[in-house]
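# Observations on the model geometry
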Amino acid sequence: MKTAIAGAGIGGLAAACLLAQGGRDVVLFDQFDVPRPVGSGLMIQPLGLAVLDLCGAGDAARAAGQRIARMYGVEVTRGRRVLDVSYDPKGRPEAQGLAIHRAALHGALMQAVAAVGVRVIPSSMVQSAPLLDQQRGLVMQDGREHGPFDLVIDATGSGSALSPLKGRALPYGAIWGTVPWLAQTQLPTDQLSQRYAGAHRMAGVLPLGQVPGRNGAHAAIFWSMPRRDLAHWPSRDLTEWKAEATAHWPDFAPFLQTLTNTAQMTAATYSHGTLRRPFAQALAFIGDAAHRASPQLGQGANMALFDALALSRALQANSIEDALPRYAQMRRWHVRTYQAMSAAFTPQYQSDSRILPALRDWVLAPLSLTWPLPRILSKLVAGELIPPLAGEVFTASQFHLGPNT
Ligand SMILES: Cc1cc2nc3c(=O)[nH]c(=O)nc-3n(C[C@H](O)[C@H](O)[C@H](O)COP(=O)(O)OP(=O)(O)OC[C@H]3O[C@@H](n4cnc5c(N)ncnc54)[C@H](O)[C@@H]3O)c2cc1C
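Model, not experiment: these values are computed from the prediction. (Residues numbered from 1 in each chain as written. Predicted model: local features only at pLDDT ≥ 70, side-chain atom pairs only at ≥ 80, totals over all residues. Heavy atoms only, no water.)

### Details of helix 4 (residues 102-115)
Since the α-helix advances by 3.6 residues per turn, residues separated by three or four positions end up pointing in the same direction. An ideal rise of 1.5 Å per residue puts 20 Å on 14 residues; helix 4 measures up with 20 Å between its terminal C-alpha atoms. Considered for burial, the residues of helix 4 that qualify are A104, L105, H106, A108, L109, A112 and V113. A positive phi of about 75° marks G117, the residue just after helix 4. (Helix = DSSP H or I, 4+ residues; strand = E, 2+ residues; numbered from the N terminus. Expected span 1.5 Å × (residues − 1). Buried < 20%, exposed > 50% of the residue type's maximum accessible area, 1.4 Å probe, protein only.)

Here's what the structure looks like:
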């Protein structure tokens with residue numbers, strides 16, 4: 001069974017590992033000359049880590065990344081604690097999240113892909129996947145054609161040329177950078193820290209662990225901005241922005257020291273949308289090609305990993321024709337629940353609204369600290385509010401957890 005995967009990102013690489021382990025002949029195409037990730041750091045939730053374990057990438061990811069026990073956010077004007085979620089009241093390491101630089105995660109997954117003998121074909125910008133009888137071909141932007149394949153998996157992310165999904169542009173994005181973790185900071189190394197002013201301003205520091213090719217521990221820093229301002233970021237006066245950011249959150253200042261150029265912070269825009277049917281004949285959509293959201297809940301990578309696992313499990317037990325609807329069914333309610341949660345939470349933290357952050361600070365935040373909500377919020381951020389694979393048993397404790405747990 002020949003399977004082509006378009007996109008060697010998080011979902012594509014995980015799907016390649018899992019399908020090749022199941023005996024499929026898999027070939028991966030990516031646009032990059034040397035497959036490489038773009039961007040700073042992200043959070044992998046505990047069950048996402050379990051999928052990485054299944055791929056054979058879990059130990060390398062843990063070795064590079066940083067365990068995160070708690071997410072903590074304060075509204076700066078009144079000093080109110082408005083976000084305080086711990087993964088696990090007992091502090092069990094296997095129940096915590098992992099913050100990791102994209103390049104480190106990519107490296108771990110690329111090693112796992114190489115170990116199962118998947119061919120990666122770089123410099124391949126996929127343009128279309130025409131139906132050829134019951135199969136699919138792949139046509140590249142430069143006119144090259146590949147195939148036919150029994151199945152094409154679209155894992156090309158939010159800019160997919162194959163997916164019919166057109167996301168709704170969100171009004172806020174952010175600038176992101178990767179900087180050294182400095183000894184003089186007071187911030188804990190196992191905590192995502194954020195500071196908000198209403199919903200129009202948010203600064204954050206995510207400890208990341210190691211960045212390939214650099215020495216020492218690092219952090220991802222981010223600063224929320226209206227979409228309309230992001231285009232002007234490259235020409236912004238850096239000194240003026242540093243002063244503004246430091247006035248907003250004095251503890252942010254040490255992390256800005258190494259920034260000498262606006263190009264060290266990358267602008268990211270976000271969109272929101274979900275495919276009703278994440279498949280077509282001999283074609284499956286996974287990850288951001290199937291559903292997109294802001295990173296507020298930190299679920300995008302997790303969701304791509306769950307999609308890869310669900311698709312590989314559906315294909316193990318069924319013909320391609322039956323496996324694709326089964327894949328969609330396995331993921332439907334988890335995807336819908338998290339997309340709805342993301343749509344509800346994001347404007348409380350990133351919007352021009354005055355009412356939503358007031359509601360967040362005066363009603364939702366106090367409620368969130370009252371039993372049983374802390375436990376429910378822990379499950380929400382861990383991606384486990386409902387089972388990620390309907391009808392399948394899948395818990396982190398089922399899996400080997402590596403030496404760094
Ligand atoms: C700033 C930011 C912060 C985020 N933070 C988090 C977080 O903390 N936690 C979290 O879980 N998620 C986070 N996300 C979301 C997460 O990054 C995505 O949901 C996740 O990467 C989706 O994985 P994917 O495999 O679908 O796509 P990607 O990882 O984007 O991979 C897509 C791959 O396809 C390739 N590609 C694209 N187009 C083509 C083409 N035409 N032909 C060939 N190859 C192509 C790309 O080169 C890339 O390798 C964040 C996103 C952003 C933008």
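### Quick look at the nonpolar core
Ranked by internal contacts, the top residues of the largest apolar core, which has 54 residues, are I5, L28, I44, L52, I100, L105 and L311. The residues contacting I5, other than those within four sequence positions of it, are G12, A15, A16, L19, V26, V27, L28, F29, I153 and A155. Formed by 29 residues, the second largest nonpolar core is a distinct cluster that contains M43, L83, M202 and V381. (Core = buried A, V, L, I, M, F, W, Y, C linked by side-chain atoms within 4.5 Å. Contact = heavy atoms within 4.5 Å.)

### A closer look at helix 6 (residues 238-248)
Along helix 6, the residues that are buried comprise L238, W241, A245 and H248. Buried residues along helix 6 cover an arc of 85° about the axis, so they all sit on one side. Seen from the buried face of helix 6, the exposed residues on the opposite side, beyond 90 degrees, are T239 and A247. On its buried side, helix 6 packs onto strand 15 (172-180), strand 16 (191-197), strand 17 (201-210), strand 18 (217-226) and helix 7 (253-256). With a side-chain oxygen lying 3.0 Å from the backbone nitrogen of T239, the N-terminal cap of helix 6 falls on D237. (Arc of directions from axis to C-beta. Polar contact = N/O pair within 3.5 Å; in protein donor to acceptor, adjacent residues only side chain to side chain.)

### A look at the pattern of salt bridges
By the definition in use, this model includes twelve salt bridges. A salt bridge links R62 to D53; its shortest N-O distance comes to 2.9 Å. Neither residue differs from the other here; R62 and D53 are each classed as buried. R201 is the salt-bridge partner of E244, the closest N and O atoms lying 2.8 Å from each other. Of this pair, E244 sits in helix 6 while R201 sits in strand 17; the two residues are 43 residues apart in sequence, bridging distant segments of the chain. Assessed through its relative accessible area of 25%, R201 is described here as partly exposed. Several salt bridges converge on common partners, so that one network encompasses R201, R236, E240 and E244. (Salt bridge = Lys/Arg side-chain N within 4 Å of Asp/Glu carboxyl O.)

### Comments concerning the confidence of the model for the chain
Confidence along the chain averages 93 in pLDDT terms, with 96% of residues attaining 70 or more. Contacts for the low-pLDDT stretch residues 399-405, under 50 throughout, to residues beyond four places or in other chains number 19 contacts. (pLDDT = per-residue confidence, 0-100.)

### A look at the site of the ligand
Residues in contact with the ligand amount to 29 residues; listed here are only the nearest, G11, D30, R102, D288 and A301. Side-chain polar atom of D288 to an oxygen atom of the ligand: 2.7 Å apart, as the coordinates give it. Note that an oxygen atom of the ligand is positioned 2.6 Å from one of the backbone N or O atoms of A301. Taken by itself the ligand offers 1,000 Å² of open surface, and the protein chains cover 85% of this. Elements with a minimum of two residues in the shell around the ligand: helix 1 (10-21), strand 3 (41-44) and helix 8 (300-317). No other element matches helix 8, which puts four residues into the shell around the ligand. Per-class residue counts for the shell around the ligand are 14 nonpolar, twelve polar and three charged. (Near = heavy atom within 4 Å. Areas by Shrake-Rupley, 256 points an atom, 1.4 Å probe, with all protein chains shown as cover. Nonpolar A, V, L, I, M, F, W, Y, C, P; charged D, E, K, R; others polar.)

### Notes on the pairing of strand 18
Successive side chains on a regular strand alternate, one facing one side of the sheet and the next facing the other. Counting buried positions along strand 18 gives nine out of ten residues, so the element sits mostly inside the fold. Bridge count for strand 15 against strand 18 is nine bridges, and the pairing is antiparallel. Looking across to strand 18, one finds that W176 is bridged to F222. Bridging between strand 17 and strand 18 involves seven bridges; their strand directions are antiparallel. Looking at strand 18, one finds that L206 is bridged to A220. (Pairing = 2+ DSSP bridges.)

### Considering a nonpolar patch on the surface
On the surface, L359, W362, V363, L364 and L367 cluster together to form a nonpolar patch covering roughly 420 Å² of accessible area. Structurally, V363 can be placed in helix 10 (residues 355-368). For V363, a relative accessible area of 39% corresponds to the partly exposed category. (Patch = residues over 30% accessible without salt bridge, like charges linked within 9 Å, V, L, I, M, F, W, Y side chains within 5 Å.)

### Notes on the sheet that holds strand 23 (residues 291-292)
Sheet strands pair by backbone hydrogen bonding; their relative direction is either parallel or antiparallel. Taken together, three strands build an open sheet; the order of strands is 14-20-23 and the sheet is antiparallel. Every interior strand has two partners, whereas the edge strands, strand 14 (168-169) and strand 23, have only one. Pairing geometry for strand 20 (residues 271-274) and strand 23, over two bridges, is antiparallel. Across the sheet, the residue bridging to T274 is H291, located in strand 23. Sitting on the sheet, helix 9 (residues 320-349) is in contact with strand 20 and strand 23, with an inclination near 150° to strand 20. (Axes fitted to C-alpha atoms, helices over the stretch in contact; angles between N-to-C directions.)

### What about unusual backbone geometry?
At the junction of G147 and P148, the peptide bond is cis and its omega measures out at 5° in the coordinates. Relative to the assigned elements, P148 resides in strand 12 (residues 145-149). Note the cis peptide between W371 and P372, where omega equals 5°. Inspection of the secondary structure assignment puts P372 in the loop between helix 10 and helix 11 (373-381). Phi is positive for S123, close to 50°, though the residue is something other than glycine. Within the secondary structure layout, S123 lies in the loop between strand 8 (119-121) and strand 9 (126-128).

### Here's the deal with the pairing of strand 7 (residues 97-101)
Of all five residues in strand 7, five are buried, a share of seventy percent or more. Along strand 7, one buried face is formed by G97, A99 and H101 and the opposite face, lined by L98 and I100, is buried too.

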